[in-house]
Every structure is written in structure tokens, then in C-alpha cells.
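Chain residues, written in single-letter form:
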Amino acid sequence: MGRTEEKRSSLIQKTNKIASIDAEGREGLKKKLTNMENITIKTSINAPIEKVWKYFTEPEFIKQWNNASPDWHTPAASNDLTVGGKFSYTMAAKDGSFSFDFEGTYNDIQENKLISYTIADGRKVEVVFEVDGENVEVTETFEAESQNPIEMQRGGWQAILDNFKKLVESGN
């Protein structure tokens, strides 16, 4: 290889490295600007997958478990569990002081395995159901929002998932 070719090869390697660093930097900056840090929560439920799926997806059950604390409830829930389908859960303080609709659109549904959706504010959520012997491992990963601290978001979503586990295992 001649000296010109060596310089050219070295220049190409440096350019590729810079492009790679630049792409990583853009992704990091994009993540910082949009505050899309992922949060993951988990639980293990001692129940058949069919029951876990049913309780997670049917409005009559969603209304029973979808709250982060005893002073909140879900008085209304609708769920069109199809790709492109929409869901809406009204989450409200029991004293009537505040309520909001948690809404989204389904991106992917794989029965008894996966639910992927986009919340109305554009954040993505993925829920994975994995059978492990007599248990079902439920793992939710969601993009954090920018208004509340990460630990508060993790705690609230985990409390809701814990309520789900209690309901399923209680057999109600």
C-alpha cells in the first residue's frame, strides 16, 4: 500500500469514527431533549397466563386494579385490544378533587406475550408477559415524562402493578 493509500485509509477510519461518535451524540442529545429515559418495573404473579392476560386487558378488571394508592380509583375504562385500537382509563381521586384520562393507542399485541402502546403524550410503553413455571413474570418498560421525578414515576407505576398482582392472585 502506497503512502497516499495509507493516508486515505486512515482518513476514512477517522471519518467513520467521528460519524459514529456524532450519531451517538445525536441520540444522547435527542434523549436528553425529549427526556425519554426508560423505566422498568416488574412483578411475578402466581396464576395461569390466561388469567393474567384477562385481568390485564378487560375493563371490568382494569377498574379494580388501576390505582397507585387507596385514595384513587378508576371509575371508567374502555379497551379496544387490537393493533391501532385505543384504550382510555379514567383515574380519579376518590374525594373528587382531581381526575385524568390515561389514554393510548396499541402498536403491537401478541396474545399472552406482549402489549406495546403509545400514550396520548407520545411516550412508548411495552408490557411483556413471560411464563416461568407456575408464575407469570410481567415486565413493563415505559418512557419517563419530564414533570415528575423518575423515582416517583417508578413508584407509582410499580404500585399499580402490585395492585394488579394482588387482584389476580386473590381470585376475585
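Here the structure is shown first, and the text comes after it.
Notes on the structure follow. Numbering of residues begins from 1 in every chain and follows the order in which that chain's sequence is written. Side-chain atom pairs in this predicted model are given and counted only at pLDDT of 80 or more, local residue features only at pLDDT of at least 70, and totals for whole chains, interfaces and linings cover all residues. To get the side-chain values, all heavy atoms of the structure are used, and hydrogens and water are removed first.

1. A short note on unusual backbone geometry
The phi torsion at Asn 112 lies on the positive side, around 65°, for a residue other than glycine. Relative to the helices and strands, Asn 112 resides in the loop between β4 (99-110) and β5 (114-119). Secondary structure follows DSSP: runs of H or I at least 4 residues long count as helices, runs of E at least 2 residues long count as strands, and numbering of each begins at the N terminus.

2. Regarding the pairing of strand β2 (residues 72-79)
At least two DSSP bridges between two strands are needed for those strands to be called paired. Two elements, β2 and strand β3 (residues 86-93), share 6 bridges in a ladder whose sense is antiparallel. Within β3, the position partnered with Ala 77 by the bridge is Tyr 89. In this structure, the hairpin formed by β2 and β3 is closed by a connection of 6 residues, where Gly 84 is found at a positive phi of approximately 90°.

3. Quick word on the nonpolar core
The set of buried Ala, Val, Leu, Ile, Met, Phe, Trp, Tyr and Cys residues whose side-chain atoms join them within 4.5 Å is what this entry labels a nonpolar core. A 1.4 Å probe rolled over the protein chains alone gives each residue an accessible area, and that area as a share of the maximum for its type sets the label: buried under 20%, exposed over 50%, partly exposed in between. Val 52, Tyr 117, Phe 129 and Phe 164 are the most contacted members of the largest nonpolar core, which has 33 residues in total. Tallying contributions element by element places helix α4 (residues 150-170) first for this core, with 6 residues. Contacts were defined at the residue level, with two residues in contact if any of their heavy atoms lie within 4.5 Å. Setting aside chain neighbours within four positions, we find Val 52 in contact with Ile 45, Ala 47, Phe 129, Val 136, Val 138, Phe 164 and Val 168.

4. What to know about the pattern of salt bridges
Salt-bridge detection follows one rule: a side-chain nitrogen of Lys or Arg within 4 Å of a carboxyl oxygen of Asp or Glu. In this structure the tally under the stated criterion is 3 salt bridges. For Arg 123, the salt bridge is made with Asp 121, and the minimal N-O distance between the two is 2.9 Å. A salt bridge links Lys 165 to Glu 169, with the nearest nitrogen and oxygen atoms 3.3 Å apart. Taken together, the positions of Lys 165 and Glu 169, both in helix α4 and 4 residues apart, correspond to about one turn of that helix.

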